[in-house]
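Chains, contacts and geometry: an overview
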Amino acid sequence: MKKSLLGLVALLLLASVPVYAQSVTGKVTSATDGAPIPGASVLIKGTSIGTATDTGGNFTLDVSGSPNSVLVVSFIGFLTQEVSVQSQTTVNVVLQEDATQLSEVVVTALGIEKDSKTLTYSAQQVGGSQLTTAKDVNFVNSLAGKVPGLTINRSSAGPGGSARILLRGQKSTRDNQPLLVIDGVPISSTNADQTGDIWSTRDGGDILSMINPEDIESMSVLKGATASTLYGSLGQNGVILITTKKGKNGVAKVDFSSNITFDSPLFRPDLQYEYLQTGEGAAYSWGPKGASKDHVKSFFNTGTTWINSVSVTAGNEKSQTYLSYSNTANNGIMPTSTFDQHTINLRQTAHVSDKFSIDGNAILGYQKNHNRVTGGLYFNPLTGLYLFPRGQDFDYYKDQSEYFSPTRQIYLQNWWNISEGEPGLDYQQNPYWILNRDQNDQTRQNVFVSLGLTYDFTDWLKLQVRGNVSDIVDEYEQKAHASTQATLADANGRYVLQEGHSTVRYADAIMTGNRPLAEKIGLTFTAGASIRREKFVQDNLDSKGADLAFANVFTTGAVNPGIGMNALNRKGHELETQGLFGSVSLDYNKAIYVDLSARNDWSSSFAFTSNLSSGFFYYSGGVNFILTELAKLPEAISFAKIRGSYAKIGNGLPAYATSETLTYNAGKLVQSEFRPAGELEPEEQNTVEVGTEVRFMEDRLTFDLTLYKIENKNQFFNIQATRGAGVPKLGVNVGSVENKGIELAIGYEVLRGGDVKWNTSLNYTKNVNSVSGIPLGNGMYPLSEPGNNSYGLFLTEGGSFGDIYGKKFLRFDGKIAIDPATGKPVVDPAGSGGFQFLGNPMPKYSIGWNNTVGYKNFTLNVLIDGRVGGKVMSLTQALLDEHGVSQATADARNNGGVDIPAVDYVNGQVVGDHDGPLDAATFFQTVGGRSGISEYYVYSATNFRLRELSLSYRLPVTPKFVKDIRVSVVGRNLFFFQKDAPFDPEMSMSSGNGLQGVDAFGIPSTRSIGFGLKCTF
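Going by what an unreviewed UniProt entry lists, the chain is known as SusC/RagA family TonB-linked outer membrane protein and is assigned to Dawidia soli. Annotation of the chain in UniProt includes, under Sequence similarities (unreviewed entry), the sentence "Belongs to the TonB-dependent receptor family." Its UniProt record gives the chain the following Subcellular location (unreviewed entry) comment, quoted word for word: "Cell outer membrane".

Attention now moves to the overall build of the chain. Regarding its fold elements, the chain presents 10 helices and 55 strands. Relative to the compact-globule value of 31 Å for 1017 residues, the chain shows a C-alpha radius of gyration of 32 Å, a close match. Across its three principal axes, the chain shows a C-alpha extent of roughly 130 × 65 × 65 Å. Within the chain, contacts between residues at least 6 apart in sequence are counted, and of these 70% link residues at least 24 apart. For the chain, the exposed surface amounts to about 41,500 Å²; the carbon and sulfur share of it is 56%. In the chain, which carries 85 positive and 97 negative side-chain charges, the distance between the mean positions of the two groups comes to 6 Å.

A separate point is the pattern of salt bridges. On inspection of all chains with the given rule, the structure shows 41 salt bridges. In this structure, the salt-bridge partner of Asp699 is Arg695, at a minimum N-O distance of 3.7 Å. Taking the shortest distance from any N to any O, the salt bridge between Arg947 and Glu986 comes out at 2.9 Å. You can see Arg947 sitting in strand β52 (residues 943-954) and its partner Glu986 sitting in the loop between β53 (964-979) and β54 (998-999), a full 39 residues away along the chain. Just as Arg947 is buried, Glu986 falls in that class too. Taken together, the shared-partner salt bridges in this structure form one network comprising Arg168, Lys223, Arg643, Glu689, Asp704 and Glu743.

Moving on to the nonpolar core. In terms of nonpolar packing, the biggest core is built from 82 residues, with Phe300, Leu382 and Tyr386 touching the most fellow members. Excluding residues within four positions of it along the chain, Phe300 makes contact with Pro265, Arg268, Ile333, Met334, Leu382, Leu385, Tyr386 and Pro1004. Residues Leu110, Ala123, Phe139 and Ile242 belong to the second largest nonpolar core, which totals 45 residues.

A positive phi angle, near 60°, is found at Gln409, a position not held by glycine. Mapped onto the fold, Gln409 is located in the loop between β22 (402-405) and β23 (410-413). You can call Gln409 exposed: its relative accessible area is 53%. Even without glycine at this site, Glu698 takes up a positive phi of about 55°. Structurally, the position occupied by Glu698 is in the loop between β35 (683-696) and β36 (701-720).

This paragraph deals with the side chain of Asp474. Structurally, Asp474 is set in strand β25 (residues 461-480). For Asp474, a relative accessible area of 17% translates into the label buried. Engagement of the side chain of Asp474 in a polar contact is seen with the side chain of Arg444, the distance being 2.6 Å.

Quick look at the sheet that holds strand β6 (residues 81-84) now. Pairing in this open sheet of 4 strands is antiparallel, and the strands run β3-β2-β5-β6 from one edge to the other. Whereas interior strands pair on both sides, the edge strands pair on one side only; in this sheet they are β3 (50-52) and β6. Neighbour-to-neighbour, the strand axes of this sheet turn through a mean angle of 20°, independent of strand direction. In terms of strand pairing, strand β2 (residues 41-44) meets strand β5 (residues 70-74) through 4 bridges, oriented antiparallel. Bridge pairing in β5 links Val42 to Val73.

Counted by the stated rule, this structure contains 33 aromatic pairs. A ring pair is formed by Tyr397 and Trp415, whose centres lie 5.5 Å apart and whose planes are at 70°; its orientation type is edge-to-face. Highlighted residues: Tyr397 in helix α4 (residues 394-399) and Trp415 in the loop between β23 and α5 (431-437), separated in sequence by 18 residues. Of the residues examined, Tyr397 reaches a relative accessible area of 11% and is grouped as buried.

Among the secondary structure elements, Asn212 is positioned in the loop between β14 (185-186) and β15 (216-222). Of the residues examined, Asn212 reaches a relative accessible area of 4% and is grouped as buried. For the pair Asn212 and Glu519, spaced 307 residues apart in the sequence, the C-alpha separation amounts to 46 Å. In contact with Asn212, not counting residues within four places along its chain, are Ser309, Ser324 and Ser326. Side-chain polar atoms of Asn212 contact the side chain of Ser309, separated by 3.2 Å.

Once that is clear, we can look at the pairing of strand β37 (residues 729-751). By the bridge criterion, 3 bridges tie strand β34 (residues 674-676) to β37 in an arrangement that is parallel. What sits directly across from Arg675, in β37, is Leu730. Where β36 meets β37, 19 bridges bridge the pair, whose relative direction is antiparallel. When the sheet's bridge partners are listed, Asn712 is paired in β37 with Val737. Taken together, the 15 bridges between β37 and strand β38 (residues 756-772) define a ladder with antiparallel strand orientation.

Now for the sheet that holds strand β10 (residues 123-127). Taken in spatial order, the 5 strands make up an open sheet running β10-β15-β16-β13-β14, and their pairing is mixed. Both edges of this open sheet fall to β10 and β14, since each of them pairs with a single strand only. As judged from the 4 bridges shared by strand β13 (residues 179-182) and strand β16 (residues 239-244), these two strands associate in the parallel manner. Among the inter-strand pairings, Leu180 is bridged to a residue of β16, identified as Ile240.

Taken together, the buried positions of helix α9 (residues 887-894) are Gln887, Thr889, Ala890, Ala892 and Arg893. Along its buried surface, α9 packs onto α8 (875-883) and α10 (920-927). Following α9 by one or two positions, Gly896 has its phi on the positive side, about 85°.

The grouping of Phe256, Val310, Val312, Leu323, Tyr325, Ile344, Leu346, Leu364, Val447, Val449, Phe961 and Phe1017 at the surface amounts to a nonpolar patch, some 950 Å² of accessible area in total. For the nonpolar patch, the secondary-structure elements that each account for two or more residues are β18 (303-315), β19 (319-331), β20 (338-351) and β24 (438-456). Mapping Phe961 onto the fold places it in the loop between β52 and β53. We classify Phe961 as exposed; its relative accessible area is 59%.

Mapping Glu477 onto the fold places it in strand β25. With no salt bridge to any partner, buried Glu477 finds its closest opposite charge in Lys479, at an N-O distance of 4.1 Å. At a separation of 2.6 Å, a polar atom in the side chain of Glu477 contacts the side chain of Tyr495. Setting aside anything within four residues of it in sequence, one finds Glu477 in contact with Gln439, Asn440, Asp441, Tyr495, Val496 and Leu497.

Our next topic: the environment of Thr876. Mapped onto the secondary structure, Thr876 falls in helix α8. With 106 residues separating them along the chain, Thr876 and Pro982 place their C-alpha atoms 9.0 Å apart. For Thr876, the contacting residues outside a window of four places in its chain are Tyr386, Asp999, Ala1000, Phe1001 and Gly1002. A polar side-chain atom of Thr876 sits 2.6 Å from the main-chain amide nitrogen of Phe1001.

Let us look at the confidence of the model for the chain. Per-residue confidence for the chain gives a mean pLDDT of 89, with 95% of residues at or over 70. Throughout residues 99-103 the model reports pLDDT below 50, and contacts reaching past four residues in sequence, or to other chains, amount to 13 contacts.

Those residues of α10 lying buried are Ala920, Phe923, Phe924, Thr926 and Val927. Angular distribution of buried residues about the axis of α10 spans 165°; they occupy a single face of the element. Where α10 terminates, the next one or two residues include Gly929, which has phi positive at roughly 80°.

Conventions we followed
- In this numbering scheme, every chain counts its residues from 1 along its sequence in written order.
- Under the rules for a predicted model, residues below a pLDDT of 70 receive no local features and side-chain atom pairs below 80 are neither given nor counted, while totals for whole chains, interfaces and linings still include all residues.
- Water and hydrogen atoms were dropped before computing side-chain values, which therefore reflect all heavy atoms in the structure.
- UniProt positions are given in the numbering used here, feature names are shortened, and annotations may be inferred rather than shown by experiment.
- Here a helix means four or more residues in a row that DSSP labels H or I, a strand means two or more in a row labelled E, and each is numbered from the N terminus.
- Values of the radius of gyration come from C-alpha atoms, whereas the globule rule sets the reference at 2.2 Å times the count of residues to the power 0.38.
- Contacts: residue pairs with any heavy atoms within 4.5 Å of one another.
- Values of accessible area rely on a 1.4 Å probe in the Shrake-Rupley scheme; residue burial ignores everything except the protein chains shown.
- His is not counted here, nor are the chain ends, while Lys and Arg score as positive and Asp and Glu score as negative.
- Positions of charges follow a simple convention, taking NZ of Lys, CZ of Arg, CG of Asp or CD of Glu.
- Whenever a carboxyl oxygen of Asp or Glu lies within 4 Å of a side-chain nitrogen of Lys or Arg, that contact is scored as a salt bridge.
- For each residue, the accessible area found with a 1.4 Å probe, counting protein chains only, is set against the maximum for its type, and the residue is called buried under 20%, exposed over 50%, and partly exposed in between.
- Residues belong to a common nonpolar core when they are buried Ala, Val, Leu, Ile, Met, Phe, Trp, Tyr or Cys residues joined through side-chain atoms within 4.5 Å.
- By the criterion applied in these results, polar contacts are pairs of N or O atoms within 3.5 Å in which, for protein atoms, one can donate a hydrogen and the other can accept it, and in which residues neighboring in sequence qualify only through two side-chain atoms.
- Paired strands, as defined in this entry, are two strands with at least two bridges between them according to DSSP.
- With axes taken as lines fitted to C-alpha atoms, and helix axes fitted only over the stretch in contact, angles between N-to-C directions fall between 0 and 180 degrees.
- Here a pair means two rings of Phe, Tyr or Trp (six-membered ring of Trp) with centres within 6.5 Å. Their orientation is stacked below 30 degrees between planes, edge-to-face above 60, and tilted elsewhere.
- Candidates for patches are residues over 30% relative accessible area with no salt bridge; among them, like charges are joined within 9 Å and nonpolar side chains (Val, Leu, Ile, Met, Phe, Trp, Tyr) within 5 Å.
- pLDDT is defined as a per-residue confidence score from the predictor, taking values between 0 and 100.
- It is the directions from the helix axis to the C-beta atoms whose arc is reported.

Written as C-alpha cells, this is what we have:
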C-alpha cells in the first residue's frame, strides 16, 4: 500500500513538470540576410530573468510559472521586438535592422574595428539595408540626406553617371573627392573624363556605380583627417569605407532581389508655343502670335530600370563563401539611351588554423552605355528640341531626320537650317540626327582583386599582410556622320576613339596589438608600411581637322593622317607612394581614451625636390572622456562623452608637376602647359575637431554634435606666366582654403514595443568656406574660364571656393539703367573685366529627416531632406529667353513688355525714370544668351524634396524552403516641397571643380516609382 501511494505521488509530480518547469527554445536571426545574431538579449518582460543567444543565434529560457509571458528580444543596431510565448515551446524571432541607430562597432581606418564609444573623432556607420531600401544605380546617391557633413550631387548623365561627393566642404584646387576603400584597402576612385566647360560635356562615370549595394554589409564614413590619418595623403578629403558581405559559419542560404522602377522627368523647362518664328530662316521665335504644337512633352520616354541580384552564402568553422551576381538594365528617358551592367563578387575566407586565416575578394564588373548625354551645347539633342523655331513642323523633322543626297550618294541631316550649302548653328542640330547618327558608346571593365593574410602570434598580437589590384579599362567611341554641323565634324564625318587603362596596386603590412599595461590601463597599437603604385594610360584619336578619307567609315584606318587632327596621342602618368605609419591608443579604466597617429609618405610626384628623400610627415591626436564612467549623471542620461582631436596631414602634387614635360600630338611637339616657379611643397591640411555624444532614456534618444575647423594651406595653383617665361603657366604653392562647420545628428525611438514601432532621426550640417592668399593681382583664380560666356567660377580673395561671377545690371537706387536710344539694359562695368560676384552654389546648411515606421509585417520608410541657401545659374534659361521660346518671354509679350523698375541713362548720367515697360524682345535678347547679363539667371538653390518613400511587407506564410519573402513599393525623388531654380539644383554636369551650380541643357532629373521583391531560400 505504501509503495502504491509513493508511486501515485511520483506520477503526479512527473505530470506537473510540464506545467511548472516549461522552457522555451528558439533562434534569433536578422531580417536583412537571415543570419543568426549571437549575443542578442532575450528577457522575460517585467523581470530580470533572461539569457543571451549563442554563436548560432540559439537560446533556451526557463519560463516556469509564466506560460503566457512576453519575451523582449533586443540587439544593438536592431529594433527591439516583443513576442508572446502563449504556451509555445519554440519561438523564433526575426529582428529588423534599426536604420537610425549607430552600430556600436565601427570600421575605422585600415579596416580596424573599434567600439564607437571609444572614438576620438566623428565617424558615421551606415547599414547595408539603408542602401537597398530604395535602390539607385549608383549606390552612393542613396546616402544623400542620411549622413551629416556629406554632400552628394547627382550626375546629369543619368544611370551609371558619376557622383560628386564632398565631406565637410571643398578644400583643394586639385581634387575634393574622398578616398574609396573596400575591405580595408584603397582602390582607384578617379572619375574618368570629367569636363570643365559647357560645350561638349562628357561623364566617364565612376567606380562606385560598379559596386552592387546588395554586397555591402556596412559602410563607414570617416569625415575628418584624424579619422583618416593612417591612409596618408589619399585620405585628406575623407574616406568611405565599404565592408562587403562574407560567408558565415553555420549558414547556408540563397538571397534573391529584384527591383524595377519607372522613371519620368521630374520637370521640364517652361516653354511657350503661342508666338511664332521671327521670320523665315530666323533662329528666334519673336514673331507674331500663332499656334504651335508642344513637341517637347512627347520627346521623353518613360525610362525603366531593372536591378536584379542573387547571392549564395555558406560556411562552416573552417571556410566561408559569399558569391553574388547582379545585373542592371536601364532604358533612359532620352530616346536610344541605354545602360547595362554586370557585376560578380566572390569573397572567400578560410581559417587554416587557430592562428592563420585568409581573406580573399574578387569583384568583376562590366558596363556599357549607349548614347549617354550629360548636357552642354554640342551633340546635345535638347538644344535643338527646346530652341526649335515655333510655327515650324517638328514632326516632319522627326520623321524625316535625314534625306538621300543624289550628289553625295549618302543620307544627310535634315534640319530647318542645316542642308547642303547651309551649315546651320553650332549649338543645335536635329535631335533625332544626334540620337541616331551622332551616337556614342562607352564601355568599362573593372577587376578588383584583394588578398589578406592574418597570423595571430598570441591572443593580443597579430600581423596582417594585404594586397590588392584595381584594374579599369575604359573605351569611348563616337561616330558623327557626314553632314553633322560643320563646327563639330568635317565633311565626311568625325571619328573619336579613346582607350584608357588605369591600374592601381596597393600592399601593406600591419602589426596590431591589444594588451593591458596595468589593471586599469589598456594599450592598443598599430605599426605598418604600405606602397601604392598608380599607372594611367589613355590613347586618343579624334579625326576632327583631318577628316575621314571616306564618308561614314569609322575606323582608324579611314582617318586622314595629318597634323591638323584634334588628337592622335597617348597621355598618362605614373605615381608611387610609400609610407610608414603607426598609432597608439591608451585607455584608463575604459573611461578616458587617448589616440596618437603618425605617418610619413614618400611620393614620386616630388621628383627633383628635397621632399623626394625626406617625404612629408603628418600626425594626429585625440582624447575622449566617457562622462558616464567618470561621474554619476542623472538617471535619464544613459551615456555621455566629449571628444576632441587635432590632425595635420599632407597631400602630394599632380604627376610631373615639378618639371616641364614634352608631349606630342599628331606629329607635332606640344609645349609644356606649365613649369614650377620654384621648389614645390606638399599641400598641408590642419584639422581641429571637438564633439559630444549623449544618449537618454536607455538610448531611446541620441544626440551627436561635432564642431570642426579645417585649413588647407600651400594650395597648388597654375597661374598665368609672365611674357618670356617660355610656358603659359607657372606652378606655385600659395593660398589657403578654410572650412568651419557644425554637424548634428539626433535620433529618437518614438514608439517602442507593441505592434507599432517608430524611429525618427534628424541630421543637420552647416559649413562656412573661405579663401585667402590668391596669388593673382585681381585676387581671382579661375576654376572655369569665362571665355565668351558671361560667367565664370573662381577662387576669390575673401570669397568662397567656386564663387560664381558674372555680369550685372547697372543700377541706381535699385533701378536698372536703360539706354533710351536702344531700349537695352546697361551692363555695370565694375569688377574685374565687368565680372562681379553673383553667389556660390554650396548651401548654407543642409537637413535630412528620416523616419521608419513598423506595424506588424509592414515597414514604411520616409526620407525628406533639404538644402538652404546657395545660388545656382541657368544658362539653359538664358538661351531660351534669348530665342523667345520660354514662357517668360510669352508672358512679357502678353503683358505689353517687361515691367521692371528702370531709369534712362544717357552719357553716364541718369536723366529720369524710364517710362513704361521694356520691350520684351529687346530686353531678353540683351539679357539672355551666353554673353548677356548673367545676374538675371541666378536663382536660389534652396530646395526641399521627398527623396525616398518605401513601403515593404513581409509575407507571413511561406513555403518550407523559403525563409523570407518581402515585397515593396518604392519611390525616389518624388516631388519638391520647395524649389526656386528652373532645374534641379543638386544636378551636376561634372564631378570636378568646374561647372558646379551651372545648368547648360542638362537632362532633367527623374522621378522614379517602382516595385521590389526580396527572397531568402
